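# Coordinates in review
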Amino acid sequence: MYKKKGIDLARFILEEERRYPHATGTLSHALLAIENAGKVISAHINKAGLVDILGRAEKINIYGEDVKKLDELANKWLIEHLSASGDFFAIASEELEEPVFPEVGKDGKYVILLDPLDGSSNIDVNISVGTIFSIFKKISDDVTTFFQEGYKQVAAGYIIYGSSTMMVYTTGNGVHGFTLDPMIGTFILSHPDIKIPSKGKIYSINEAYYLRWDGRIRNWLDTIKQNRYSLRYVGSMVADVHRTLLKGGVFAYPADSKNKNGKLRLLYEAFPMSFIIEQAGGMSTNGEKSILQIKPTELHQRTPVFLGSPEDIKELLNFLN
Ligand code: P6P
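All of the points below concern the structure found in this document. All of these numbers come straight from a predicted model, not from anything done at the bench. (Residues numbered from 1 in each chain as written. Predicted model: local features only at pLDDT ≥ 70, side-chain atom pairs only at ≥ 80, totals over all residues. Heavy atoms only, no water.)

Moving on: the overall build of the protein chain. The helix and strand inventory of the protein chain stands at seven helices and 14 strands. Taken over C-alpha atoms, the radius of gyration comes to 19 Å for the protein chain, in line with the 20 Å a tight globule of 321 residues would show. Taken over the C-alpha atoms alone, the protein chain extends approximately 50 × 50 × 40 Å along its principal axes. By the burial criterion, 55% of the 321 residues in the protein chain qualify as buried. Expressed as a percentage of contacts within the protein chain between residues at least 6 apart in sequence, the contacts between residues at least 24 apart total 62%. Looking at the protein chain as shown, the accessible area adds up to about 13,700 Å², and 51% of this sits on carbon and sulfur atoms. Charge separation in the protein chain, taken as the distance between the mean sites of 37 positive and 39 negative side-chain charges, equals 5 Å. (Helix = DSSP H or I, 4+ residues; strand = E, 2+ residues; numbered from the N terminus. Rg over C-alpha atoms; globule rule 2.2 N^0.38 Å. Buried < 20%, exposed > 50% of the residue type's maximum accessible area, 1.4 Å probe, protein only. Contact = heavy atoms within 4.5 Å. Areas by Shrake-Rupley, 256 points an atom, 1.4 Å probe, with all protein chains shown as cover. Lys, Arg positive; Asp, Glu negative; His and termini not counted. Charge placed at Lys NZ, Arg CZ, Asp CG, Glu CD.)

Next up on the list: unusual backbone geometry. With a phi angle near 50 degrees, Asp-193 is a residue other than glycine that sits in the positive phi range. The topology assignment puts Asp-193 in the loop between β9 (186-191) and β10 (202-204). The exposure class of Asp-193 is partly exposed, given its relative accessible area of 36%. If you check the backbone angles, Arg-228 has positive phi at about 60 degrees while not being a glycine. Along the chain, Arg-228 turns up in the loop between α4 (215-226) and β11 (230-231). The exposure class of Arg-228 is exposed, given its relative accessible area of 70%.

Attention now goes to the side chain of Thr-285. The topology assignment puts Thr-285 in strand β13 (residues 283-285). Looking at Thr-285, the relative accessible area reads 1%, which means it is buried. Reaching out from Thr-285, the side chain makes a polar contact with the backbone nitrogen of Gly-287 at a distance of 2.8 Å. Excluding anything up to four places from it in sequence, Thr-285 contacts Ser-290, Ile-291, Pro-304, Val-305, Phe-306, Ile-313, Leu-316 and Leu-317. (Polar contact = N/O pair within 3.5 Å; in protein donor to acceptor, adjacent residues only side chain to side chain.)

This brings us to the pairing of strand β12 (residues 250-253). Side chains Val-250 and Ala-252 of β12 all project onto a buried face; the interleaved residues Phe-251 and Tyr-253 project onto the opposite face, where all are buried too. Alignment of β10 against β12, held across two bridges, turns out to be parallel. In the strand pairing of β12, Tyr-203 is matched with Val-250. One ladder, built from four bridges, connects β12 with strand β14 (residues 305-308); its direction is antiparallel. In the sheet register, Ala-252 faces β14, and the bridge partner there is Phe-306. (Pairing = 2+ DSSP bridges.)

Here Ser-204 shows up in strand β10. A polar contact of 3.3 Å, which involves the side chain of Ser-204, links it to the side chain of Asp-240. Discounting chain neighbours no more than four positions away, the residues touching Ser-204 are Leu-231, Arg-232, Tyr-233, Asp-240, Arg-243, Val-250, Phe-251 and Ala-252.

In the region of the ligand, 14 residues are neighbours, and Asp-118, Tyr-209, Tyr-233, Met-237 and Tyr-253 sit closest. Here an oxygen atom of the ligand sits 2.6 Å away from a polar atom, N or O, in the side chain of Asp-118. Taking 400 Å² as the accessible area of the ligand by itself, protein coverage stands at 84%. Here the residues of the shell around the ligand are counted per class, giving six nonpolar, four polar and four charged. (Near = heavy atom within 4 Å. Nonpolar A, V, L, I, M, F, W, Y, C, P; charged D, E, K, R; others polar.)

We now examine the pairing of strand β5 (residues 129-137). With eight of nine residues buried, β5 is to be regarded as a mostly interior element. Pairing between strand β4 (residues 110-118) and β5: seven bridges, direction antiparallel. What sits directly across from Leu-113, in β5, is Ser-134.

Before going further, it helps to examine the packing of aromatic side chains. All told, the structure shown has six aromatic pairs when counted by the stated rule. Ring centres of Phe-12 and Phe-178 lie 5.1 Å apart, and the angle between their planes is 70 degrees; on these two criteria the pair is classed as edge-to-face. Of this pair, Phe-12 sits in helix α1 (residues 9-17) while Phe-178 sits in strand β8 (residues 175-181), and the two are 166 residues apart along the sequence. Taking the centre distance of 5.9 Å and the plane angle of 15 degrees together, the rings of Tyr-169 and Phe-178 count as stacked. By relative accessible area, which is 3% here, Tyr-169 ends up buried. Relative accessible area serves as the criterion here: at 0%, Phe-178 is assigned to the buried category. A connected cluster of aromatic rings, assembled from ring pairs, spans Phe-12, Tyr-169 and Phe-178. (Phe/Tyr/Trp six-rings, centres within 6.5 Å; stacked < 30°, edge-to-face > 60°.)

Position of Ser-128 relative to the elements: it lies in the loop between β4 and β5. Exposure remark for Ser-128: the relative accessible area of 21% places this residue in the partly exposed category. Along the sequence, Ser-128 and Val-250 sit 122 residues apart, while their C-alpha atoms lie 19 Å from each other. Setting aside its immediate chain neighbours within four residues, Ser-128 contacts Asn-122, Ile-160, Tyr-161, Gly-162, Ser-236 and Ala-239.

So, in structure tokens, the structure goes:
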């Protein structure tokens, strides 16, 4: 279908829905609830330095990390918007130990996982942060409804709060990017049918952990550095993956001697970002298989993450296998 630049997100979603005669509109409605929450978060982030929402919320989350005030607010706004939509039987947030089962969502067809404000440690220094979401069909009445392989996602996306606010998402029919026009408060289709370059010249990894990595990872890294790749690492997954999606190359967060499964969360970060990258023609792996083939057993489990241009990932896999 020809993707008309300039169309707003709501009309785009409705036009996409029309392509599926049996669609009930529930997923469309859910995506619009996410859009609304994203606008609220964007408005607050853009003035974070002016009002007292910077800095620590004097709380520690379930991983023992400082919770920034905006983290907490983003979590609150998203859960409020998504609960009120009635579309979700359950809502799991990276910031919460247990999922929320909204009363109005008890007949909901879907469940959603959220990283409300990924990279929030960068907020106070004005570096891009983002909201990440992943939607599955409901398959059970308890937390096991979330334990589905990544390829079973029905939608995934992120909202990046950077030089502009963008919503990038897929429903399994390609990847589309929408830029928020703050003048009219509407997301406009700016990046239809995003395809990742087959090969890039950028690698994105935190080299501070070099000495902790498996020797095969070090050999791979040494080789691509000899091939004159550039290093770009923001420390905010949404920003690093968004750049990788548009410019190509590879984003990596390997396991290391201290973190046997790496740092990134499988359900909240790796699944949605891998779905987007693979839908854009890229590849993802945990070092052994596509991240989307992993079947979760715990809500907050972590995984090594390598994702990006297909030729770059294939080159990496040659070092690992
Ligand atoms: P490190 C942010 O805290 C985050 O979860 C991701 O957004 C980011 O990719 C990663 O951690 C950065 O981790 O260890 O490089 O600071």
